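Given next are the chains, with one letter for each unit.
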Protein chains: 2
Amino acid sequence: MGKEKRVFLFGEIEPDKDLLGGKGASLATMTKIGLPVPPGFTITTKTCIEYLNNNNTFPDGLWQEVLQAIKKVEEKIGRKFGDPEFPLLVSVRSGASISMPGMMDTVLNVGLTKGSIEPFSKTIGNPKFVKDSFRRLIFMYADVVCGLETEKFSELLEEEKRKANVSHDFQLPESSLDNLIAQYLELFQNLYGKPFPEDSFLQLEMAVHAVFKSWNNKRAINYRRYEGIPDDIGTAVNIQSMVFGNFDDQSGTGVLFTRNPATGENEIYGEFLLQAQGEDVVAGIRTPSPISELKKIMPHIYDELQTYAKKLEGHYRDMQDVEFTVESGKLYILQTRSGKRTGTAAAKIAVDMVNENIISKEEAILRVSPRDVESSLFPSVVWANSKKFQYYDIADLEAKLHAHSLDEVVKKAPIKQATVIGEGLPAGPGAACGHAVFDSDLAEAIVKGEKSPPFEITQWRKEGDKKVPSLILIKKETSPEDFHGMVASSGIITMTGGLTSHAALVGRQIGKRVIVGASSSGMDLLGRKLRTRDGLVIDEGQVLSMEVFDEAYIFKEPLPIYTPTSLPSAMLTVLDWADEVAKIKVRTNADKEKDALVAVQFKAKGIGLARTEHQFFDALPLVQEMILAETKEERLEALNKMIDLQRDDFIKLFRVLHGLPVTIRLLDPPLHEFLPKELEIRERIWQQILNPEQTARNIKVLRKVLYYQESNPMLGLRGCRLGLLFPEIMEMQTRAIIEAALLIKKQGIEVYPEIMIPLVGFQEEFVLSREIVDSTAQKVFDEMGDTIDYKVGTMIEIPRAALTADEIAAGKLGADFFSFGTNDLHQMTLGFSRDDVGKFLPYYLENKIIKSDPFQTIDVDGAGKLMDICVTLGRQSAINVNKYLKVGICGEQGGDPESIDFCYRIGLDYVSCSPYRVPVARLAAAHSTLRNAEIDSKFLKQWPTPP
Amino acid sequence: MGKEKRVFLFGEIEPDKDLLGGKGASLATMTKIGLPVPPGFTITTKTCIEYLNNNNTFPDGLWQEVLQAIKKVEEKIGRKFGDPEFPLLVSVRSGASISMPGMMDTVLNVGLTKGSIEPFSKTIGNPKFVKDSFRRLIFMYADVVCGLETEKFSELLEEEKRKANVSHDFQLPESSLDNLIAQYLELFQNLYGKPFPEDSFLQLEMAVHAVFKSWNNKRAINYRRYEGIPDDIGTAVNIQSMVFGNFDDQSGTGVLFTRNPATGENEIYGEFLLQAQGEDVVAGIRTPSPISELKKIMPHIYDELQTYAKKLEGHYRDMQDVEFTVESGKLYILQTRSGKRTGTAAAKIAVDMVNENIISKEEAILRVSPRDVESSLFPSVVWANSKKFQYYDIADLEAKLHAHSLDEVVKKAPIKQATVIGEGLPAGPGAACGHAVFDSDLAEAIVKGEKSPPFEITQWRKEGDKKVPSLILIKKETSPEDFHGMVASSGIITMTGGLTSHAALVGRQIGKRVIVGASSSGMDLLGRKLRTRDGLVIDEGQVLSMEVFDEAYIFKEPLPIYTPTSLPSAMLTVLDWADEVAKIKVRTNADKEKDALVAVQFKAKGIGLARTEHQFFDALPLVQEMILAETKEERLEALNKMIDLQRDDFIKLFRVLHGLPVTIRLLDPPLHEFLPKELEIRERIWQQILNPEQTARNIKVLRKVLYYQESNPMLGLRGCRLGLLFPEIMEMQTRAIIEAALLIKKQGIEVYPEIMIPLVGFQEEFVLSREIVDSTAQKVFDEMGDTIDYKVGTMIEIPRAALTADEIAAGKLGADFFSFGTNDLHQMTLGFSRDDVGKFLPYYLENKIIKSDPFQTIDVDGAGKLMDICVTLGRQSAINVNKYLKVGICGEQGGDPESIDFCYRIGLDYVSCSPYRVPVARLAAAHSTLRNAEIDSKFLKQWPTPP
């Protein structure tokens, strides 16, 4: 058996992530494709496992290989490791094949010794740089290599800063550094029992040991256990020569994106600092210049960067985020990774790359995430550089926004710096700018104009056609009593609470920007003052901004909020491509014309759920009359008055959908929802007690309220149960639908009504309901002398319906379609009342008792299993009567990408979601089709092709 | 092909039900075994199908066969068909192989003609009998054979009765019969277009045609469709010579049971009337004599009857209900069928027949129905003849009841006649006698002695050690506001409502006798008077009786109610035999010592569900203190005060169960159940508003009430959700259980605690709960220096738990046992809130949308499917860790025989039911084992034998 090589110079072999780790493979790749990477080498992951199995000792020959590799690096860089005058310094870093953020152990400046400070300083003429580097080496070595407690080192540093009266490390004068080094070396010896090594090679050897061992420290083991990463893959060790951007006036450092990460424009984009190290950029003290300036100062570097950017894009076939350093006029590329970008940019880059023949359409679709679609519709701050919270100040250009594209505006807008004063959990996405308010009553009073605000209003938001003050409601936590204040505000920030707290759940539901748990970032609410971690105090009325996407930030200054009125054009292109590949259709949940219009504009393929409740709430006096009716005749009279309202509504929907199917659900909620609350009517009885007529009616109402009261209304008299007990309601609704359809047909518009029976749990419920619907439809056909095709189906929301889907779909009187009402299905399958779940769901999510909020994402293992059973039973049964059973979903999970993927995998024909989720769902539908290419669509395999 | 025979004399061939029909086969059998059956013959069912397929014409040769058969009958009986002087008369009846009650077409007296009236009357010297027979023949012939509307015939009859001033048909004088015959014959000719046939053979031919055709009348077709009886089996036609018990003074008629149907004593039992037809007995005008009297009057007939009774029992291997007629000193047996009997009699007969070597033990077990067990424990009237509401008046003998057996008492008791004044639906089983009361408040006031009753109390019932007035509450319908009145009464009768109305559901729950829907029998409630169909008026205070089993009757008179104190000894024997064969065990649901004692006496094999709620309700102030606690410390303080109460309770249960397993469910209900209702506490706040201390507390309580209020408490914060949020409750309960077990163990008593976690839906819920239980148990073991085996399992009541049973049973921390909480499982699977279902379940049951009340009988197709999935997933998963997963049921359906059968078929180890259901369940368990012998037990096949 030949001896296996354990150490590879960057680029020496094909990049192999499993062997070289992620970082090692990336450095190897860049070296391989000819980028100027500071030379170095990688010790393989396998070696780590050998080492650990070998009782923490280097395998035979490893150290020789390392020494040979160091020699090669010395040759390339032209300096020697351990040379006191101009030493080769190296970084030593871990890097496993699977990314383990925060687990990376790093020692920089390895090779520097006390003895080399003087000569090295002389060589480069920058003693402060050398001393600072050595100070850092001692600290990192003590921490990572020797495992010493670093608190005492930090204390010494803080004391020197106090003495020198400076607030940042890099501001320490040389003399302080001298003191610090002396104290560090003494402390090191005291704690470790041995002096800090003056031998550069010993430093290196110890650092490699440390990285190997770090694989088995407690933190890493826990992390792997938590993430399900195997224990036996080990970490590689990357040893790389260090380059210094602060070396001379021909040195510098910078970052660049190969395309604009805000807009996606195809131009390199970024910033740099002359005579600086990477850390200086991060500290944010000196302001970097835009990368374009480099064209003037170092044209060859700029040209090189452009070349390398294309090369990297060509290789990785994606936009890259690149770190570079120039040392004495020589460019080094330190790191590259796929660049973060806005949703708008993601779409533009994907479409451009298809046009540039870099990627295929399918790849382009997969490059844009549903989150990207979502974010490009939400209000946002337009970021120049999201990592540093620089934004385009489009405020002055706002007027032009409608005339020009965002890209153009952004080009002209000045870039400004925002200040983060707090963070939290991202509970409701979007951005907002408004006045801080600490009280729900005050918020409502200000917005309703009931109270002159105690501060000058400078921020406004639109509400319908009105302009109202824009407020950010800040509370310790919210409760149902804050609802009016939440409605009045643009954004909501709470100190406590998680992603399923009241503020999160309700705020998201009413479409507000919400940040919860801000106290975790050190914020604190003291009476009517918000105090930040940095001691800043925000008073009521002060203007703040917030942006919430994958992260949630609170800013000190007013930021311009950009609210898109439509999707960017590249996004529209991506969505059209998505439609071409998607094998699961996207419909919308829309009750009203206005919503239907939005959805059709977003290319929904029909209405998956038109609720008819709102028509009843709109005609509340009539509905109450119907409920109070003592006889069927009285009830019919009230219903007859309602039919015109219903018919008109259906006509509007059919007209907007213009030939696309419209699924209309018959009345679902329990009757007591249309009656006043018990306390309310009791109160009213006392108030009107002297009016005998009114009193008689009030008592009649109270009797009905008490009669229809239920212990668990979710499981009560509603849906088809109501429709069967009061068939006249079902008849009236069917009549309105069929009449509307025939009237629309007369206008030459195609119409496909699908009548959905709610809350079916038993075959006989469906059959009896269908008989009422069919016979009513036939009556209308006879009366109007015309017919129309319509379907009758049911919502699957009761577990029993899923379990007996074969019966419900059986025979001629079986359902034509199913639509999963996943809200209720989850309530019953999991035994979670959606209205009450707030008391324990946060605890359950935190403690991982449940993976995700089942009212957002389908519970695949539980409710999902029922759905799968249902589809199989229902389709098989329908085949017996030569019918293809159409199956969709209309619960709120229908707009959730993970749930859409599941729906596709179990063979659903469509998902239906709220109008603004339609684009997100269209992309998710394509993703699920592409990602599950191997299973193809279940229905295509098991059942005949849908018609 | 030889010609197939279509007509068979009784006894000519082996009785074959498919060929001869049920009635034909029974007549054939009796003839075969030598009983004196009036001779006759059967036309086969096949012939009927031939006839119908042959366009309603007799197949070739059929008529010839009939004529030959008639000849043989003439020879046997010694009279000629069509002979005017002393004609052979025959009955013509249909009879299919499957019983179709109410579908039987019958023509009696066929062969009688107008011309034979005179000579025949002369021969037998009884013209009235002959004329009445002829009148009946015309009517039946017009109806059954000619399909004429019989209303006009009935009108003529009524008019003659009016004219003659009599109320019963048989009271008509001869002259009226003459008039009637003349009018009937005229009407017949007018309606039919032809005169009534004077040809006896034509009468016979037409009657056979009619019976054949009746197979395809609408009523019969609908009935078959409804009952799923095939259309192509046809009906046989039975033609039998008629015999007359009113022929002379050596004639008579009677019925007998081969054993006593009330007690099961092995002696023939029945009654007879001299010179009478069967109808006279039914009309109830003349009082029949006990069969024993026959011994003196016609000893040879009595002897013959005894011989035949044994013969029939020997053949049918069961107690028979026999009809006989004596014509001129010659005995004829007309009919035999399995005799109806009380539960006590059923058991006694079954046991006796085993001892007499007539049937096997297994047959004996199957001869007794679960209903028999049930009825032998409920209060009842001891019937002499339940068909005629004759009862043993044991009232005077009551005192002796404890000294003697029921059998002995019954022998000495006089037989009396009860009068049925109303019927209804049997909602709550048992019997009661009490004063009619029409008002719940009055009922309560009388029983509590708060009001001197407006009538003299003569009826009493026991309540604990007290004697309180026995009342029967009679209402149009009941509502929750009648609850106190229902509790106060012995029985409840409502005019409206079905088996799931408020009165039915609640009345049954609190163990009352309940009859609902009495208005269907013509009863009506007018103010404070109950009016019956017959115009009888019952005033408040009047004493009524009621008995409710499979039927529900209301009686005018006070009847003696016999309340068994234990099961009859024969029943105990049957139950012991049942235990020998049953492969599914029976446990009990018992929370308190008293219930446990009853169950153990009834030989329950353990406790399947001991709820701990009552312990919390018993310690309400402490529980409220715990709920109001703001800190964990305060909460712990309250809990520590509760632990002694809990431990004491568990010690009692363990002691009673003495080595049998005890499943204890940890706290299940939501906390708001332990707090006052919102309206109540609001009221209290106003009342105590001037007391600042009390007000502060009240407001604290209101805050908690509002906080814990839930929209759907069924799906809210309860069960393990509560236990995980407040682990200290789970810890306290576990500690109480384990401490109790160790203390009992110290007393040398075996103890098997099984701790049940309620409302688990997720694996992680179970694992976390189990960790709390296990670590607490370990702590107690350490403290007490002793250990005990205990199991930790879960209730399966959330659909998701059933769907993920494999996860919940997985691994070392998986459940040791499952127990189906079928009440909640049905609520969630069907989406039925048990408290609210009363509004639509009656409609659903009436309209057959649902087969049976799912809270009584498992919904096999829906919830049952989930249970089956659960057992399979759970057991398979447990096998992976070499564990046998014990599975039981503790919902109320666990005491329902149909549900027990289902539980056995899906492989459950035990059912658990209320203490008084235990004997019923033990028998049902044996039945299901015997009936499903072919599938054996699922777990025995698929899974290793339970340890």
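Note that the structure is a prediction, hence the values are computed from the model and not measured.

Rules and cut-offs
Residues numbered from 1 in each chain as written. Chains lettered and ligands numbered in written order. Predicted model: local features only at pLDDT ≥ 70, side-chain atom pairs only at ≥ 80, totals over all residues. Heavy atoms only, no water. Contact = heavy atoms within 4.5 Å. Buried area = accessible area lost by both parts, 1.4 Å probe. Polar contact = N/O pair within 3.5 Å; in protein donor to acceptor, adjacent residues only side chain to side chain. Phe/Tyr/Trp six-rings, centres within 6.5 Å; stacked < 30°, edge-to-face > 60°. Helix = DSSP H or I, 4+ residues; strand = E, 2+ residues; numbered from the N terminus. Buried < 20%, exposed > 50% of the residue type's maximum accessible area, 1.4 Å probe, protein only. Lys NZ or Arg CZ within 6 Å of the ring centre and 35° of its normal. Expected span 1.5 Å × (residues − 1). Bend = angle between axes of the 7 residues up to and from the residue. Least-squares fit on C-alpha atoms with pLDDT ≥ 70 in both. Pairing = 2+ DSSP bridges. Axes fitted to C-alpha atoms, helices over the stretch in contact; angles between N-to-C directions. Parallel < 35°, antiparallel > 145°, perpendicular 65-115°, else oblique. Salt bridge = Lys/Arg side-chain N within 4 Å of Asp/Glu carboxyl O.

Undergrad: Account for the interface of chain B and chain A, with residues named and values stated.
TA: Contact with chain B, which involves 52 residues of that partner, is made by 52 residues of chain A. Summed over both partners, the interface of chain B with chain A comes to about 4,500 Å²; 61% of that surface belongs to carbon and sulfur atoms. In terms of surface lost to chain A, no three residues of chain B exceed Leu715(B), Leu803(B) and Lys839(B), which account for 15% of the buried area on that side. The interface formed by chain B and chain A includes 26 residue pairs in polar contact (both at pLDDT 80 or more).

Undergrad: Describe the packing of aromatic side chains, naming the residues involved and giving the relevant values.
TA: Applying the stated criterion to the full structure yields 52 aromatic pairs over all chains. Summarising the aromatic geometry, the rings of Phe129(A) and Phe244(A) are spaced 4.8 Å apart at their centres and angled 75° between planes, so their arrangement reads as edge-to-face. Placement of Phe129(A) in helix H5 (residues 127-145) and of Phe244(A) in the loop between strand E5 (235-241) and strand E6 (252-257) is noted, with a sequence separation of 115 residues between them. By the burial criterion, Phe129(A) is buried, and Phe244(A) matches it. Taken together, the ring pairs in this structure connect Phe134(A), Tyr141(A), Phe188(A), Tyr192(A) and Phe196(A) into an aromatic cluster. Its guanidinium or amino end placed over the ring of Trp215(A), Arg224(A) lies 3.9 Å from that ring's centre, counting from NZ or CZ. The lysine or arginine in question, Arg587(B), covers the ring of Tyr910(B), its NZ or CZ lying 4.0 Å from the ring centre.

Undergrad: Residue-level account of helix H1 (residues 17-32) of chain B, with values.
TA: Residues and elements named next belong to chain B. Its 16 residues give H1 an end-to-end C-alpha distance of only 14 Å, which falls more than 12% under 22 Å, the value for a rise of 1.5 Å per residue. Along H1, the helix axis deviates most sharply at Lys23, where the bend reaches about 85°. Turning to H1, its buried residues number three or more, namely Leu19, Leu20, Gly21, Lys23, Gly24, Ala25, Ser26, Leu27, Ala28, Thr29 and Met30. Near the N-terminus of H1, the side chain that reaches the backbone nitrogen of Asp18, with its oxygen 3.0 Å away, is that of Asp16. Looking one or two places after H1, you find Gly34, whose phi comes out positive at around 95°.

Undergrad: With reference to specific residues and values, describe the relation of the copies chain B and chain A.
TA: Note on the identical chains: chain B maps onto chain A by a rotation of 179° and an axial translation of 0.2 Å, with an RMSD of 0.5 Å. Between the two chains, the operation in question is that of a two-fold axis. No C-alpha of chain B approaches the rotation axis more nearly than that of Asn712(B), which lies at 2.1 Å. Counting the interface residues of chain B, we find that 100% of their copies in chain A are interface residues as well, pointing to one common contact surface.

Undergrad: Before we move on, can you summarise the sheet that holds strand E4 (residues 106-110) of chain A with the specific residues and values?
TA: All names here are of chain A. Overall, antiparallel pairing links the 5 strands, which are arranged E1-E2-E5-E3-E4 in an open sheet. Looking at strand neighbours, the two that pair on one side only are strand E1 (7-9) and E4, the edges of this open sheet. This sheet shows a mean twist of 20° between the axes of neighbouring strands, independent of strand direction. Bridge count for E1 against strand E2 (residues 40-43) is 3 bridges, and the pairing is antiparallel. Bridge pairing in E2 places Val7 opposite Ile43.

Undergrad: Give me the lowdown on the environment of Ala28(B), citing residues and values where you can.
TA: Residues and elements named next belong to chain B. Turning to its location among the elements, Ala28 is positioned in helix H1. Between the C-alpha atom of Ala28 and that of Trp686, which follows or precedes it by 658 residues, the distance is 84 Å. Ignoring anything within four residues of it in the chain, the contact list for Ala28 reads Phe10, Gly11, Pro15 and Leu20.

Undergrad: Which residues make up unusual backbone geometry, and what are the values?
TA: Residue and element names in this part refer to chain A. Phi at Asn109 is positive, roughly 60°, even though this residue is not glycine. Structurally, Asn109 is set in strand E4. Judged by relative accessible area, which is 5%, Asn109 ranks as buried. We note that Leu759 has phi near 60°; this positive angle belongs to a residue other than glycine. As for its placement among the helices and strands, Leu759 is situated in the loop between strand E29 (752-757) and helix H29 (763-784). On the basis of relative accessibility, which here comes to 0%, the residue Leu759 falls in the buried class.

Undergrad: Please provide a residue-by-residue account of the packing of helix H21 (residues 593-601) of chain A against helix H24 (residues 632-657) of chain A, values included.
TA: All names here are of chain A. Following both chains from N to C, one finds H21 and H24 inclined at 10°, their axes separated by 9 Å at the closest point. Between H21 and H24, the angle falls in the class roughly parallel. In this structure, H21 contributes Glu593, Ala596, Leu597 and Val600 to the contact, and H24 contributes Lys652, Leu653, Val656 and Leu657.

Undergrad: So, the pattern of salt bridges: which residues are in play, and what are the values?
TA: Overall, the coordinates contain 120 salt bridges over all chains when judged by the stated rule. Salt-bridge contacts for Arg528(A) lead to Glu540(A); the nearest nitrogen and oxygen are separated by 2.8 Å. Taken as a pair, Arg528(A) in the loop between strand E21 (524-526) and strand E22 (529-531) and Glu540(A) in the loop between strand E23 (537-539) and strand E24 (543-548) lie far apart in primary sequence, 12 residues in all. Using a relative accessible area of 42% as the deciding quantity, one classes Arg528(A) as partly exposed. One salt bridge in this structure joins Glu174(B) and Lys131(B), with 2.6 Å as the shortest N-O distance. Here the residue Glu174(B) occupies a position in helix H7 (residues 174-192), and Lys131(B) occupies one in helix H5 (residues 127-145), the gap between them amounting to 43 residues. Assessed through its relative accessible area of 11%, Lys131(B) is described here as buried. What emerges from the salt-bridge pattern is a single network uniting Asp576(A), Asp579(A), Lys603(A), Lys605(A) and Arg922(A).

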